[in-house]
Amino acid sequence: MRPSRDRSKLIGAIMLPIGAEVGFSSSGAGALGTVALLGMTDLTAAQVVGTDLAFGLAIALVGTGVHMIGDHYPGDLLLKMALGGVVGGIVGTGAAPKIPNRNLRFALSIWLAVIGLQFCYKAATQ
């Protein structure tokens, strides 16, 4: 296994377009932020997830405020999404520290690839 280089000095520059993309499409903070952190830092998988969640929360608060002011959301659907997401977040947060780092990094990589393929498929068929 080759030694990894810490390229975390570039994180701010990488996160700027990710934040912009989240602002206009609401996707990306988790998927793209996780990929950047996995590839550019030596953080453990649990640290990558925690850091990316905090990043996602920060930009989500800004985006949410702007969209709520403009009344750009259906409240009933938002409630269902929030309930499912909170339960999933509790389960995932409890499980992440118990899974070996290598296995969790591999699972994250596979999941992100699946999500990426889904985005590509949707973009090509719409």
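The text that follows walks through the structure, step by step, so that each part is easy to find. (Residues numbered from 1 in each chain as written. Predicted model: local features only at pLDDT ≥ 70, side-chain atom pairs only at ≥ 80, totals over all residues. Heavy atoms only, no water.)

A short note on the overall build of the protein chain
When you go through the protein chain residue by residue, the secondary structure sums to 5 helices and 0 strands. Each helix and strand of the protein chain, placed in order from N terminus to C terminus, yields the pattern α-α-α-α-α. Within the protein chain, the fraction of its 126 residues that count as buried is 18%. With the model as given, the accessible surface of the protein chain reaches about 9,200 Å², and the carbon-plus-sulfur share is 71%. (Helix = DSSP H or I, 4+ residues; strand = E, 2+ residues; numbered from the N terminus. Buried < 20%, exposed > 50% of the residue type's maximum accessible area, 1.4 Å probe, protein only. Areas by Shrake-Rupley, 256 points an atom, 1.4 Å probe, with all protein chains shown as cover.)

Brief notes about the nonpolar core
By size, the foremost hydrophobic cluster in this structure holds 14 residues, and its most contacted members are Ile11, Met15, Leu38, Leu104 and Leu108. Secondary structure elements with two or more residues in this core: helix H1 (11-25), helix H2 (29-40), helix H3 (45-69) and helix H5 (101-125). Dropping the residues within four chain positions of it, Leu104 is found in contact with Ala45, Ala46, Ala96 and Ile99. (Core = buried A, V, L, I, M, F, W, Y, C linked by side-chain atoms within 4.5 Å. Contact = heavy atoms within 4.5 Å.)

So, H3
Its 25 residues place the ends of H3 36 Å apart at the C-alpha level, agreeing with the 36 Å of an ideal helix rising 1.5 Å per residue. Within H3, the full set of buried residues consists of Ala45, Val48, Asp52 and Gly56. (Expected span 1.5 Å × (residues − 1).)

Description of the environment of Arg7
Within the secondary structure, Arg7 is located in the segment before H1. Classification of Arg7 as partly exposed rests on a relative accessible area of 33%. Once the C-alpha coordinates of Arg7 and Gly39 are considered, the two residues, 32 residues apart in sequence, prove to be 8.5 Å apart. Other than its neighbours up to four places away in sequence, Arg7 contacts Gly39 and Met40.

A look at the side chain of Thr34
Checked against the element boundaries, Thr34 lands in helix H2. On the basis of relative accessibility, which here comes to 7%, the residue Thr34 falls in the buried class.

Observations concerning the side chain of Thr41
Relative to the helices and strands, Thr41 resides in the loop between H2 and H3. A polar side-chain atom of Thr41 sits 2.6 Å from the main-chain carbonyl oxygen of Leu37. At a separation of 3.4 Å, a polar atom in the side chain of Thr41 contacts the main-chain amide nitrogen of Leu43. (Polar contact = N/O pair within 3.5 Å; in protein donor to acceptor, adjacent residues only side chain to side chain.)

Notes on unusual backbone geometry
For residues that are not glycine, phi is negative in most cases, and the peptide bond is trans in most cases. One non-glycine residue with positive phi stands out, namely Asp71, at about 55°. Relative to the helices and strands, Asp71 resides in the loop between H3 and helix H4 (75-95). On the basis of relative accessibility, which here comes to 57%, the residue Asp71 falls in the exposed class.

With respect to the packing of H3 against H5
One can describe the packing of H3 onto H5 by two numbers: an axis separation of 8 Å at closest approach and a directional angle of 50°. What the angle tells us is that H3 and H5 run oblique. On H5, the residues that touch Ala45, Ala46, Val48 and Val49 of H3 are Asn101, Leu104, Arg105 and Leu108. In terms of residue class, the contact of H3 with H5 is made up of 6 nonpolar, 1 polar and 1 charged. (Axes fitted to C-alpha atoms, helices over the stretch in contact; angles between N-to-C directions. Parallel < 35°, antiparallel > 145°, perpendicular 65-115°, else oblique. Nonpolar A, V, L, I, M, F, W, Y, C, P; charged D, E, K, R; others polar.)

Details of the environment of Gly116
Its place among the elements puts Gly116 in helix H5. For Gly116, a relative accessible area of 26% puts it in the partly exposed group. The spacing of Gly116 and Leu32 is 84 residues in sequence and 9.7 Å in space, taken between C-alpha atoms.

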